[in-house]
Amino acid sequence: MTNVRVGVMYDRDWAPEDLPGFARRAEALGVDDLWVVEDLGWNGGVSAAAVALGATERLRVGIGITPAPLRSPALLAMELATLARVFPGRLVAGIGHGVREWMESVGVAPRSPLALLEETITSVRALLRGERVELEGREVRLDGVKLVHPPVQVPPVVAGVVRARSLELSGRVADGTLIAEGHGPQDLENTRTLTAKGGAGPEHTLTVLSFACVGDDPSQVARILHPHTEGHGAWLGRPQEEVFTVSGTAAQAVGDIHALAAAGADTVVLRVVGPEPLRQLEAVLTAFRPSRADGLPSLNG
């Protein structure tokens, strides 16, 4: 049995007031992670993470991702340190470039996205370690900034990136890499190669987001997935049929998770689409951990 972690995304389109209940029910089902989203105009990632952490007891919560152009590294480190002090060992901080058009729409698009991401991740990690940071970078300036309350247990900082140069950067400066929906096992092997080229060692983690739809009717599953894989395929620049998903029957979905794990994924985060996402999640977890199936609480309880 692989030791891959299985997580679930709280989709950006779901109402924030429903997050506490969703998080509690997902935790009761035995999921390892819950990941929240920070996309411009939707919800704040740090505040959503705080809500999910406060509503649960053991669940690890990931932020996927805070766009570096929107965040002062000093303020972001302060926010993350607060969460990590209150909820030690339960936070993963994702940082990425952000969608270029969105960053332009609020006047924060950097001259060098690569430099900004590297300087942000490097300085945030140093601040979280309790260091005094002096940085006169291309995009970031910090003049002797130091946290008064750095976390006792430093949370991992992962880079949410897609392109080759950014993946190399992630291997060089981040604790791990967060991969967007649609990437399959072959993509992960390439990702591992690129992050290793940047300097990543075996401790560098790989977290993979994946669209998920579970059901016994293949045509219905395909119909539900279609708008998501079509739009994401266009964003990734690949045919829709090449957009990887965790889908089909619960057993087939588990097979997809194992395939990602075999290709190097440490955590697979399901972005469940279609009706009753928690019911779909329960079906996957029951099939994934059959020895624990009888211990899973009912969603009706």
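Values in this document were obtained by computation on a predicted structure and should not be read as measured data.

How should the overall build of the chain be read in this particular structure?
Each helix and strand counted, the chain has 10 helices and 11 strands in total. Overall, the chain is about 60 × 40 × 35 Å in size when its C-alpha atoms are taken along their principal axes. Looking at the chain as a whole, 52% of its 301 residues qualify as buried. A separation of at least 24 residues holds for 71% of the contacts in the chain among residues at least 6 apart in sequence. Charged side chains in the chain number 28 positive and 36 negative. The centres of these two groups are separated by 5 Å.

Explain the confidence of the model for the chain here, please?
Parts of the prediction with low pLDDT should not have their coordinates interpreted in detail. When pLDDT is averaged along the chain, the result is 94, and 96% of the positions lie at 70 or above. Confidence drops under a pLDDT of 50 for residues 291–301, and excluding neighbours within four residues, the segment shows 16 contacts in the predicted structure.

Hey, could you run me through the packing of helix α9 (residues 250–262) against helix α10 (residues 277–288) in this one?
The axes of two packed helices give the description: the angle between them and the distance between them. Where α9 meets α10, the closest approach of the two axes is 9 Å, and the angle between their N-to-C directions is 70 degrees. By the angle class used here, α9 and α10 are roughly perpendicular. With respect to the hand of their crossing, α9 and α10 are arranged in right-handed fashion. In contact with Ala250, Ala251, Ala253, Val254, Ile257 and His258 of α9, α10 contributes Ala283, Val284, Ala287 and Phe288. Its residues assigned to classes, the contact of α9 with α10 shows nine nonpolar, one polar and no charged.

Cut-offs and rules
- Residues numbered from 1 in each chain as written.
- Predicted model: local features only at pLDDT ≥ 70, side-chain atom pairs only at ≥ 80, totals over all residues.
- Heavy atoms only, no water.
- Helix = DSSP H or I, 4+ residues; strand = E, 2+ residues; numbered from the N terminus.
- Buried < 20%, exposed > 50% of the residue type's maximum accessible area, 1.4 Å probe, protein only.
- Contact = heavy atoms within 4.5 Å.
- Lys, Arg positive; Asp, Glu negative; His and termini not counted.
- Charge placed at Lys NZ, Arg CZ, Asp CG, Glu CD.
- pLDDT = per-residue confidence, 0-100.
- Axes fitted to C-alpha atoms, helices over the stretch in contact; angles between N-to-C directions.
- Parallel < 35°, antiparallel > 145°, perpendicular 65-115°, else oblique.
- Left-handed = near helix turned anticlockwise from the far one by under 90°.
- Nonpolar A, V, L, I, M, F, W, Y, C, P; charged D, E, K, R; others polar.

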